[in-house]
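# Coordinates in review
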Amino acid sequence: MTWIWSNLDLIWDRTFDHLILSVPSIILSFLMALPFGWLAHRYRASRAVILTTVGLLYAIPSLPLFIVLPFIVGTSIRSPLNLIIALTLYGVALMVRVVADGLGSVDRDVQQSATAVGFSGWTSFWQVELPLAGPVLLAGLRVVAVSTVSLATVGAVIGAQSLGSLFTDGFQRGIQAEIIAGILATVLLALALDAVLVLIGRLLMPWTRRSAIGVVARPGAVARQEVTT
């Protein structure tokens, strides 16, 4: 504990470095997964090809990818951009299937009703399908956030500054408290980002919160409705 209290500034700096790597990767992976997931949902013939291809990205070991990627994109191995690109690819690999499944969960009758009232395909996607698929997308994004925070620590092996640097430095210097601090800070950061995503979901999708409250408040009414139907 003495080491932790004496090095709070260092822990905060590494936490900030970790955020710089993680947050852009999470956002970019979500934005990039949307069109691929939409294609996999919209055109069934391409679903297997798209999902299999992006799924293979997650099978690539992280450390070799961090080392090989600079030769492809022209960045340095220790560049934060190198890690952000790699982490984004892993996030896309997870999110594309989530997007496809989320859009597929939208009731077809709702889509047909939107078309009947004059919504174009593009308008229906943004104003009907995407909001209704929101809870599924949020659940997938939470998984991506935790995965990204975890994978970002591996970058310390190639010299990129992050909370993983506390692991490597602690091992090299034999400071157990530094290793524990890195583990705890990584877990807390993942929990904090998860809480932020939940809060954003509640703000952007207030109808899901009201629905949940209604089900809890009137379980008997819901049960009676299911029986009568």
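Below is a short write-up of the structure.

### Things to note about the overall build of the protein chain
- Regarding its fold elements, the protein chain presents 12 helices and 0 strands.
- When the helices and strands of the protein chain are placed in sequence order, the string is α-α-α-α-α-α-α-α-α-α-α-α.
- Looking at the protein chain as a whole, 40% of its 229 residues qualify as buried.
- Taking the intrachain contacts of the protein chain between residues at least 6 apart in sequence as the baseline, contacts between residues at least 24 apart amount to 71%.
- Element-wise, carbon and sulfur atoms account for 69% of the exposed surface of the protein chain, whose accessible area totals about 13,000 Å².

### Details of the nonpolar core
- Within the largest apolar cluster, 37 residues are counted, with the highest numbers of intra-cluster contacts made by Trp3, Ile11, Met95, Val96, Val99 and Leu137.
- Counting residues per element, the ones that place at least two in this core are helix H1 (2-6), helix H2 (8-42), helix H3 (44-58), helix H5 (80-104), helix H7 (121-132), helix H8 (134-152) and helix H10 (176-204).
- In terms of residue count, the dominant contributor to this core is H5 (7 residues).

### Topic: the environment of Val149
- On the secondary structure map, Val149 appears in helix H8.
- Judged by its relative accessible area of 1%, Val149 falls in the buried class.
- Sequence-wise, Val149 and Ala190 are 41 residues apart; in three dimensions their C-alpha atoms are separated by 6.1 Å.
- If we skip the residues at most four places from it in the chain, Val149 touches His18, Ser22, Thr186, Leu189, Ala190 and Leu193.

### Some remarks on the pattern of salt bridges
- What the rule picks out here adds up to 4 salt bridges.
- Of the charged contacts in the structure, one is a salt bridge between Asp17 and Arg14, with a shortest N-O distance of 2.9 Å. In this pair, Asp17 and Arg14 are both assigned in helix H2, 3 residues apart and thus about one turn of the helix distant.
- Taking the relative accessible area as the measure of exposure, Arg14 reaches 15% and is therefore buried.
- Of the charged contacts in the structure, one is a salt bridge between Asp101 and Arg47, with a shortest N-O distance of 2.8 Å. Taken together, the residues Asp101 in helix H5 and Arg47 in helix H3 connect sequence positions 54 residues apart.

### Brief notes about the packing of aromatic side chains
- For the structure on display, the rule yields 2 aromatic pairs.
- Seen in terms of ring centroids, Trp38 and Tyr43 are 6.0 Å apart; in terms of plane orientation they differ by 90°. Their pairing is edge-to-face.
- Using a relative accessible area of 27% as the deciding quantity, one classes Trp38 as partly exposed.
- On the basis of relative accessibility, which here comes to 44%, the residue Tyr43 falls in the partly exposed class.
- Consider the rings of Tyr58 and Tyr90, whose centres lie 5.6 Å apart with planes at 85°: the pair is edge-to-face. Separated by 32 residues along the polypeptide, Tyr58 in helix H3 and Tyr90 in helix H5 bring together distant segments of the chain.
- On the basis of relative accessible area, Tyr58 is assigned to the partly exposed category, the value being 36%.
- Classification of Tyr90 as buried rests on a relative accessible area of 4%.

### With respect to a nonpolar patch on the surface
- Side chains of Leu63, Ile67, Val68, Phe71, Ile72, Val73, Ile77 and Val157 sit close together on the surface and give an oily, nonpolar patch of about 730 Å² of accessible area.
- Note that Phe71 resides in helix H4 (residues 62-73).
- Residue class for Phe71 comes out exposed when judged on its relative accessible area of 70%.

Scoring rules and cut-offs
Residues numbered from 1 in each chain as written. Predicted model: local features only at pLDDT ≥ 70, side-chain atom pairs only at ≥ 80, totals over all residues. Heavy atoms only, no water. Helix = DSSP H or I, 4+ residues; strand = E, 2+ residues; numbered from the N terminus. Buried < 20%, exposed > 50% of the residue type's maximum accessible area, 1.4 Å probe, protein only. Contact = heavy atoms within 4.5 Å. Areas by Shrake-Rupley, 256 points an atom, 1.4 Å probe, with all protein chains shown as cover. Core = buried A, V, L, I, M, F, W, Y, C linked by side-chain atoms within 4.5 Å. Salt bridge = Lys/Arg side-chain N within 4 Å of Asp/Glu carboxyl O. Phe/Tyr/Trp six-rings, centres within 6.5 Å; stacked < 30°, edge-to-face > 60°. Patch = residues over 30% accessible without salt bridge, like charges linked within 9 Å, V, L, I, M, F, W, Y side chains within 5 Å.

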